[in-house]
Amino acid sequence: IFEHRASPSSLSPISSPIGEGRYLPVLYMERELVCLRADGMVSKRAGSETAETSSSRPNKEPPGSGTDSEGGEALSNGKDSEVTLPVNSLSTAAGVHENGVAEVNPTPNTLKVKIHAAGSDTIDLQVSSQEMVQEIIQVLMEREDTCHRTCFSLQHDGNLLDNSAQLTSVEGLKDGSVLRVVEEPYTLREVKIHIRHIWDLLKSLDLADAYNGIECNSPSFLTSVFEGDIGDIYTTGKRKRRSCSDQPLETIDCSPPEYVLPGSKDRPLSLLQPLTTDNKPLQCLKSLTVSGWNPPPGNRKMRGDLMYLNIITMEDRHVSVTASTRGFYINQSTVDMFNPKPDIPSLLCHSLLELLNQISLIFKKNFAILQKKRVNCHPLERVATPFQTYSWTTPHRQHTIDCVRAEDAYTSRLGYEEQITGQPRDWNEELQMAREMPCQDLMQRIVRKQTIFKVNSDFVAAATRGAMAVVDGNIMAINPGDYTKMQIFIWNNIFFSFGFDIQDSYKDSGGDQAAYVASNNDLKGIQAYSNLDVEGLHVLGTVIVDYRGYRIIAQSIIPGILEQMQDQNVMYGLVDCGKTVISNHEYINLLLKTSSPLWIQKHLVLNELEQPILLCSSVDCKGIVGDDGRRYFLDLFRTFPSDLNFLPIVGEELHEDCRRLGFPKEYRHKLCCLRPELVENFVQYKHTQFAKLLKEKMRRSDRRKSLMEDGESATENYDYMRDAEEIKALCRELGSVCDTIFDIRFNPNVYSPAVRFPECEQPALQLQKRLMKEIAAFLVSVTIPSFIKDCANHIIVPADGSMLTSALHNYGINIRYIGKIAQLISHSEDKPFLDHISKLLVSEIITRVAKHIIVPYLQGVEISALSSAISHFLNCLLSSYPNPVAHLLLDELVSRRKKNKRKMRIPGNDTAWASLTPAELWKQINSEAGESFDYLLACDGVDQAVERFGLQKVSLLREFCIKAGIQVLLREYNFDSRHKPTFTEDDILNSFPVFKHIIVKATDADQVYKNAQATIEKGNLKEGLELLNESLNLFNNVYGALHPDICGCMSLLARVNYMMDNIPEAISTQQKAVIISERILGFDHPNTIHEYANLGLYCFANNQVSVALRLLYRALYLMLTVCGEDHPEIAVLDSNIGLMLQAALDCDLAIRFLQKSLELNLKYYGAQALETALSYHLMAQVYASKAEFRTAVQHEKEAYTIYRAQLGETHIRTKASSEFLKHVTQQAVNLQRTMNEIYKNGSNVKLPPVQTTTLNNKMILQQLNLINRIVLNDNRKSALEKATNRMRKLIQAEIQASQRLTKALTDIRIDNPVLVNGTAPAEIVNGVENVAEEKTVINSKTENDRVLSRDSV
């Protein structure tokens, strides 16, 4: 699909694995697929045809180093003589397939071929027979010695090979076969591809695109932090472990920067993005532009001229170059005179690079250096990300000439409201066809998920670009005469609309605010139905883009929807603008398949004729049949139950737990829905209650039956019907919608004001209202207290707003509850342990409220005043300067502005934003915080908020910029100056889009990854390692090289290698995890910080103390910038740094870090916690190494007291502490005796020397493992086996009870025993063992759960 050579509109037969003879539209992919395996890099590219369909998105660099999974050396761009192409070998483990049977796919045959190209050495290439010829061409285009070639073909035995053909179809191809590179004549298209490729090579080390967030580039700074100390790992993946003698500790520079020392307040922002010493990119040319003499006249076309170029070399030589069908040569044209004849002496080169090497010595020299640097870069630094990542701050960089991008901007038809060049992609067809691909076996499922992910990522990129063009006013609306809010747009086969209430559809629900949140709820519903993957039910591709104060909803277009009336094809749901509700049996059959997993109850409603209509969803949903015959389901914003805590209903009273907290509360809109995670947790909670009560009833039944058997009555006289009735009553008591099957479901239309129900639905309605009240009470009485308790126990330790949001969502808690959580924490007995959570909650409230305020603020700002308006808003929000003044446009510029120019903004006063003051803004923040989050800030300004809640302004700036999509200049900001404002308009560099989209998960890979976690937790590291490598291979086949799931998998893979003492492999894998996290999540994301710390630990285990400390200094600096010094994670980083400094014999600095760690542990864990005891012990060690034994004794006494109280006298830690305490006590006594003897007899006395305590690196490494919760022994396995044995006994008892119940129900002729959502009780208890195994989780978590917690185990 990805590499078929055909026009976008053609229908081409697709071969295996999709199916022979099946015709699909060719899916044009805009970016390459790059796969990264555990032990190397492989690449799969889309081919040169991509450049035509995506002129603004050139191909990125493929991986260039590592080791292929088959054992060969991977692609290295000419560095080595042998290259391995990707091998699509997919394998799986038991448990992947639904039926539990492992699927094994044979590994394709590989063969070695030789490539002969003129001007370069013979290349030995290892390829798979299943690969296409285009794969080999792409490898040659990226190698160092052949990268200058783009227009060529491969020849075997005199026959040209078809680029789209598989190698198996090449007749006579075998091991040792020779393929010759044949230069092909150029066309105008091939010339453009060649120039773009050359320009990409020249700009390959330029970070401008990464800083600006262009073409899926993003920066990585790991190389800058390493400073080349372990660069050989990049190329070989392995490193010889150093011995201590190789690098004396006295020569190691381990001094920490001043800004990371405990207590330091001066933290420069400029170091957030460190640069290497040779960061300045090499300039090979001064200019390369398209000549003004283009296009060639007819007579020159007849002689092969295709294009003319103007080039200025570094020697300041101006040349005009002709691109012809035969190659490139210098002509005699000048700026003023057209003379296309070849210059004298004539020089014709097939490649533009060859020509430039001939005419410029500086170009030849600098390009050779650039090539070497490009090859030495880590491959993951050059691979395009699947979704664009933006940085909230970037350094100032000079804008440079870019001929390729200039041509793209000039020739783009985007600004002329026309379709892009060529036929646009049919996004809806591609998305739906991808989901309709076969998925019977593992290979088909992987290819299907790969296609869905790729099409979705391309759709997100196109939708984001289109949404920005809509806001910028570059696309004409299809209803230009309507009010701005009501305008809709179509571009590139994508439908765009504003997030406003354009037809008063939400007039009674909150107007524009309801419309704004409805898009979020709709996306959740689309995600839910998309995850179910029900055959025959289709959802639309959807992207939500927030940009410059506007919310744009981008959706794929249902075929035929634009040519017909709005409700003409509606077969299900509301029609006639909500006046009529209809149903359809085919839709009902499809929705019945989704009702159970989504906990939706089928029900009857009345239409306008008082007739009952069967629905299996919210009444707002619509089912539309497109012209393609597919059944689409849309408007899913009421998929999940309403939140009664924020939906006051007259005559309805909530539970006491809700009323005690002040619920229900009026909210800004009436579309508050519960999260799907909460619904799932509530249903599981009800199942647990049912199982518990059922167990009690079964025990009572056993006692009654045993009493009857002991008497004279026969067993036949036992009243089995009574037991059945009791179980039915139990189902009704717990809210089951059925008394024979324990099943919890919700009716999403219960509290919809416009919905009427028939009389027969009244009993079910009462049950549904009861369930709605129970789940609202469950949220405030069970879920939120559980979240607070886990925070107090440090099971979750969020460090910034994104991690806090992720943690809340995992618990099923909506963000609107953060104010209530902050209030509960302030009255909690665990308040001292939750200070960091309180700060984070208040910071989240302030930044979210500020984002709500800036949305209408930006809508009234003219584009030319956008930088001034944003800088003025930031000054009012964060600066201590009391009276910031906005910088308005000059009068002469304003007066010359075109009055009739259409502006994409809400009409209003152009300069109203300039009247905003800090007092007014903070008054709005206080009011909005009360309305949206029910929290009383009571702050008149930012200084009061910082002082009252312990916040730091840099963290507030970071959070606000990320949420609002603002990019500021990376420089030092003086927030506390009262003499000048903090921000100027020059500090606002860009406004970037914040987008949400459907998440595509690699389900098979995820299942193997979970199996690997469970296997590792049982202690089977070797088997777990194999499963991890397998899951990584599957992840790579679906996502490519860069994805958060791959980052998590690699992080765990590195940890397992570390636990198995394979340190070089752990370092190599962890480096990839760090780079992926930097590029996907952000350079200062808490997960990136966590990965940096892990890499530092592994480097220390490899005796690279200096590198390890630099990594930890970087992690500490980022953490200090993100959340400040008062955070539990700072204690962990300080302990790591302190121990490593002790290993480097810098005890004074070690004491400073360990002392800060002790203070934080005392605050957040308490005086009797084991973490505090460990800190005391570490302090005692470092003081003992300095021969300060009295202080060491004091600290070790504290540690021993805690260990004895918490673990007992016989625990290994208590014993070790006792022995160390005796040792330092004895040394203290010896030291005092020595001092007394010296005082009495003088310095000539001969006494045995005092023994200072020194630790070797191995002992320190053991303590580092203890700090980082890494277990290297088998104690966990034995404990788990004991727990499993106890669980088995309980399971057997449950099975016996279940069998007795089943027999009893059978005896009274009940065919369907009581089920729990269709599961028999025996199946429930049989599944307990699986649940028990899954509840133990390895130290590393999934991406969403990884909140930098080290106490989860």
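Residues numbered from 1 in each chain as written. Predicted model: local features only at pLDDT ≥ 70, side-chain atom pairs only at ≥ 80, totals over all residues. Heavy atoms only, no water.

A. Focus on the environment of Ser-320. Relative to the assigned elements, Ser-320 resides in strand S13 (residues 318–324). The class for Ser-320 is buried, based on a relative accessible area of 4%. (Helix = DSSP H or I, 4+ residues; strand = E, 2+ residues; numbered from the N terminus. Buried < 20%, exposed > 50% of the residue type's maximum accessible area, 1.4 Å probe, protein only.)

B. Highlighting the sheet that holds strand S28 (residues 966–969). If you walk across this open sheet you meet the 3 strands as S15-S28-S29, and the pairing is mixed. The sheet terminates laterally at strand S15 (393–394) and strand S29 (988–991), the two strands that pair on one side only. The pairing of S28 with S29 spans 3 bridges and is classified as antiparallel. Across the sheet, the residue bridging to Gln-967 is Asn-990, located in S29. (Pairing = 2+ DSSP bridges.)

C. Highlighting the packing of helix H29 (residues 1044–1059) against helix H30 (residues 1063–1080). Running from N to C, H29 and H30 cross one another at 160°; their axes reach a closest spacing of 8 Å. Taken as axis vectors, H29 and H30 run roughly antiparallel relative to one another. Regarding H29 and H30, the two cross each other, and that crossing is left-handed. The residues of H30 that touch H29, namely those facing Pro-1044, Ile-1046, Cys-1047, Met-1050, Ser-1051, Leu-1053, Ala-1054, Asn-1057 and Tyr-1058, are Ile-1063, Glu-1065, Ala-1066, Thr-1069, Gln-1070, Lys-1072, Ala-1073, Ile-1076, Ser-1077 and Ile-1080. (Axes fitted to C-alpha atoms, helices over the stretch in contact; angles between N-to-C directions. Parallel < 35°, antiparallel > 145°, perpendicular 65-115°, else oblique. Left-handed = near helix turned anticlockwise from the far one by under 90°. Contact = heavy atoms within 4.5 Å.)

D. Helix H9 (residues 361–376), seen in detail. Over its 16 residues, H9 extends 23 Å from the first C-alpha to the last, a length consistent with the 22 Å expected when each residue adds 1.5 Å. Those residues of H9 that sit buried are Phe-363, Asn-366, Phe-367, Leu-370, Gln-371, Arg-374 and Val-375. Where the residues of H9 are buried, they touch helix H2 (133–142), helix H3 (188–202), strand S11 (285–290) and helix H8 (352–359). (Expected span 1.5 Å × (residues − 1).)

E. Summary view of the environment of Thr-847. Along the chain, the position of Thr-847 falls in helix H21 (residues 835–859). A residue is classified by how much of its surface remains accessible, and Thr-847, at 2% relative accessible area, is buried. Remark: the alpha-carbon pair of Thr-847 and Gly-801, spanning 46 residues in sequence, is separated by 9.3 Å. Apart from residues no more than four positions distant in its own chain, Thr-847 is found in contact with Leu-956, Glu-959, Phe-960 and Lys-963.

F. Local environment of the sheet that holds strand S25 (residues 622–625). Taken together, the 5 strands give an open sheet; going across it, the order is S18-S26-S25-S21-S22, and neighbouring strands pair in mixed fashion. At either end of the open sheet lies a strand with only one pairing partner, and these are strand S18 (537–538) and strand S22 (580–582). As paired elements, strand S21 (residues 570–575) and S25 share 3 bridges and run antiparallel to each other. By the bridge assignment, Tyr-572 is partnered in S25 with Gly-623.

G. Quick peek at the packing of aromatic side chains. Across all of its chains, the model carries 36 aromatic pairs by this definition. Arranged with centres 5.1 Å apart and planes meeting at 80°, the rings of Phe-646 and Tyr-817 form a pair that is edge-to-face. Within this pair, whereas Phe-646 is found in the loop between strand S26 (631–634) and helix H15 (656–660), its partner Tyr-817 is found in the loop between helix H19 (801–810) and helix H20 (818–826), the two being separated by 171 residues in sequence. Considering the side-chain rings of Phe-873 and Phe-960, the 5.7 Å spacing of their centres and the 20° angle between planes classify their relative orientation as stacked. Of this pair, Phe-873 sits in helix H22 (residues 866–878) while Phe-960 sits in helix H26 (residues 953–964), and the two are 87 residues apart along the sequence. Assessed through its relative accessible area of 0%, Phe-960 is described here as buried. Through a chain of ring-to-ring contacts, the aromatic side chains of Phe-387, Phe-453, Tyr-1009, Phe-1035 and Tyr-1039 assemble into a single cluster. The ring of Phe-500 is capped by Lys-485, whose NZ or CZ atom sits 5.2 Å from the centre of that ring. Lying across the ring of Phe-663, Lys-665 places its NZ or CZ 5.9 Å from the centre. (Phe/Tyr/Trp six-rings, centres within 6.5 Å; stacked < 30°, edge-to-face > 60°. Lys NZ or Arg CZ within 6 Å of the ring centre and 35° of its normal.)

H. Seen up close, the pattern of salt bridges. In this structure the tally under the stated criterion is 56 salt bridges. The salt bridge involving Glu-653 is made with Arg-659; its shortest N-O contact spans 3.8 Å. Across the pair Asp-943 and Lys-953 runs a salt bridge, and its minimum N-O distance is 2.7 Å. Placement of Asp-943 in helix H25 (residues 942–949) and of Lys-953 in helix H26 is noted, with a sequence separation of 10 residues between them. Judged by relative accessible area, Asp-943 falls into the partly exposed class, the value being 32%. A single network of salt bridges, built from pairs that share partners, joins Asp-800, Glu-844, Arg-848, Arg-958, Glu-959, Lys-963 and Asp-1084. (Salt bridge = Lys/Arg side-chain N within 4 Å of Asp/Glu carboxyl O.)

I. A look at the confidence of the model for the protein. Averaged over all residues, the pLDDT of the protein is 81; the fraction at 70 or higher stands at 78%. This model gives residues 1–108 a pLDDT under 50, and the stretch forms 335 contacts once residues within four places in sequence are excluded. In the predicted structure, residues 1308–1353 sits below a pLDDT of 50 and forms 112 contacts with residues beyond four places in sequence or in another chain. (pLDDT = per-residue confidence, 0-100.)

J. Representation of the packing of helix H35 (residues 1170–1185) against helix H37 (residues 1212–1241) in the model. Look at H35 against H37: their axes get within 12 Å of each other, and the N-to-C directions meet at 30°. Taken as axis vectors, H35 and H37 run roughly parallel relative to one another. The crossing of H35 and H37 is left-handed. When H35 is examined against H37, the residues Leu-1170, His-1177, Ala-1180, Gln-1181 and Ala-1184 are found in contact with a partner set consisting of Arg-1213, Phe-1220 and Val-1224. The class makeup of the residues in the contact of H35 with H37 is 5 nonpolar, 2 polar and 1 charged. (Nonpolar A, V, L, I, M, F, W, Y, C, P; charged D, E, K, R; others polar.)

K. Spatial organisation of the pairing of S28. Bridge analysis of S15 against S28 gives 2 bridges, and the strand direction is parallel. When the sheet's bridge partners are listed, Thr-393 is paired in S28 with Val-968.

L. Structural detail: helix H31 (residues 1086–1101). Between its first and last C-alpha, H31 extends 23 Å over 16 residues, near the 22 Å set by a 1.5 Å rise per residue. Counted residue by residue, H31 has 16 buried out of 16 residues, so it is predominantly covered. Positive phi appears at Asn-1103, one or two residues downstream of H31, with a value of about 65°.

M. Spotlight on the pairing of S25. A two-sided burial pattern is seen for S25, the buried positions comprising Lys-622 and Ile-624 on one face and Gly-623 and Val-625 on the other. Note that S25 and S26 share 4 bridges and pair antiparallel. Within S26, the position partnered with Ile-624 by the bridge is Tyr-632. The antiparallel pairing of S25 with S26 creates a hairpin that spans 5 residues between the two strands, and Gly-629 there sits at a positive phi of about 85°.

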